[in-house]
Amino acid sequence: MKRWNGLIDEYKEWLPVSEETPQLTLQEGNTPLIHLTNLSKEWGINLYVKTEGTNPTGSFKDRGMVMAVAKAKEEGKSVLICASTGNTSASAAAYGARAGMRTIVVIPDGRIALGKLAQAKMYGAEIVAIEGNFDEALNMVREVAQDKVALVNSVNPYRLEGQKTIAFETIEQLGKVPDIFALPVGNAGNISAAWKGFKEYAERKGTTLPVLLGVQADGAAPIVYDRVFEEPETVATAIRIGNPASWGLAKNALAESNGAILSVTDKEILEAYSLLASSEGIFAEPASCATVAGIKKRLDAGLLAKGSTVVGVLTGNGLKDPETAILVNEDKPLLSREHFDAFLGSLKVGSI
Ligand code: F0G
């Protein structure tokens, strides 16, 4: 079996790297593309998910972060800074630790999932919790980036370079370009990066292009409604963003791909969240499940052709947000010894 040495090594011909670029890796990328057998049958499409939650820090951010941090190091910077709804901060903190750099993360106080906060702490980042939301945090960190300080949010072009590799992997694993490529949209970096990847692959290899499907949460849907959301709100805290930095790039990608962007309610997100885990054995965080909810909504509206090959990106691991998982499942009372015996009896052969 070939050893996987991470994205920079695997895709160096596609990335702005040279001999001088540090060989940084936590062996990110090469994430599974899983066929959803049950949902495909039920929905009459050929549905796959790219499980980005299997990346080293549990989200797609590692693809971009490995590049941003390697380039920051190459350019002689010593400090990393970012604003984050959680996953970027976890990833920056991990790659910062790996590269021996100081990492500062600015997060909306009380509004990031517990697992993500635990990660930033464990990797040794300096955490600044602000009263405002992500959009305000991003404005703050944009001001402090300078000579020695690298801003590693997706406004850093190296982030998008790393993240475009999801397109290459998808085509290589599927053996073709999917008809539809669906993903959740927050700050809009990932949809822009994926499109860049599909276009570059098409240019070099003569492949076709997919149609993009972007999904936002109803309470944080600036691109869908074409207006800034001053107070974005959604259970999918990862995409609780009201004024995306890559808004223009995303609109462009959607237009070029003849794609669409739609929003789904928190209820629809949580239904997809439970459905994916209970019917396919895949536990992805709520923001990721907006993808699945969006696909379902397009199908129900008759806007997605039966038989299409659809790849949905599950951007982050479900374990990142244990609190939501516990909340959506009703508490079952603990079984006493007596009840347990009765319960065991009910499982005896012949009775189930
Ligand atoms: N899904 C997850 C799990 C995310 O963490 C994010 C963004 C997105 C989707 C949206 O991606 O911003 O490129 O459109 N999280 C950022 C963060 C904002 O700080 O971790 P996007």
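Report follows, based on the coordinates. Within every chain, residues take consecutive numbers counted from 1 along the sequence as written. For a predicted model such as this one, the threshold for reporting local features is a pLDDT of at least 70, and the threshold for listing and counting side-chain atom pairs is 80 or more; totals across whole chains, interfaces and linings nevertheless cover every residue. Hydrogen atoms and water are omitted, and side-chain values are computed over all heavy atoms in the structure.

Moving on, we get to the site of the ligand. When we say a residue is near a molecule or strand, we mean one of its heavy atoms is within 4 Å of it. Every one of the 20 residues lining the ligand counts as a neighbour, but T85, T88, N187, A188 and T315 are closest to it. A distance of 2.9 Å separates a nitrogen atom of the ligand from a polar atom in the side chain of K61. Residues adjacent in sequence count toward polar contacts only when both atoms are side-chain atoms; beyond that, a polar contact is any pair of N or O atoms within 3.5 Å, and within protein one must be able to donate a hydrogen and the other to accept it. In the model, an oxygen atom of the ligand is placed 2.8 Å from a nitrogen or oxygen of the G186 main chain. At the level of secondary structure, the elements contributing two or more residues to the shell around the ligand comprise α4 (87-99) and α9 (189-205). Working definition: helices are DSSP H or I runs of at least four residues, strands are E runs of at least two. Numbering for both runs from the N terminus.

Here the focus is the sheet that holds strand β3 (residues 79-83). A pair of strands is considered paired only if DSSP assigns at least 2 bridges between the two. Strands sit in the order β5-β4-β3-β6 across an open sheet of four strands; the sheet is parallel. Strands with a single pairing partner mark the edges of an open sheet, and in this sheet they are β5 (126-130) and β6 (149-151). Neighbour-to-neighbour, the strand axes of the sheet open up by a mean angle of 20°, direction not taken into account. Both strand β4 (residues 102-108) and β5 contribute to a ladder of five bridges, which runs parallel. Looking at the pairing, V105 lines up with I127 of β5. For this analysis, residues touch if any pair of their heavy atoms sits within 4.5 Å. Angles here are taken between N-to-C directions and fall from 0 to 180 degrees, while the axes themselves are lines fitted to C-alpha atoms, restricted in helices to the stretch in contact. Strands in contact with α4 are β3 and β4; relative to β3, the strand with the most contacts, it is inclined by about 170°.

Quick look at the nonpolar core now. By nonpolar core we mean a set of buried residues, namely Ala, Val, Leu, Ile, Met, Phe, Trp, Tyr and Cys, connected to one another through side-chain atoms within 4.5 Å. Partly exposed residues are those whose accessible area sits between 20% and 50% of the maximum for their type, while under 20% is buried and over 50% is exposed, using a 1.4 Å probe and protein chains only. Judged by nonpolar contacts, the single largest core of 51 residues is most densely connected at V69, V152, F181 and I191. With seven residues, helix α3 (residues 61-74) is the largest single contributor of residues to this core. Apart from residues no more than four positions distant in its own chain, F181 is found in contact with I166, T170, A194, F198, P210, V211, L212, L213, V311 and V313. One finds L36, W43, L47 and I239 within the second-largest nonpolar core, a separate group that totals 34 residues.

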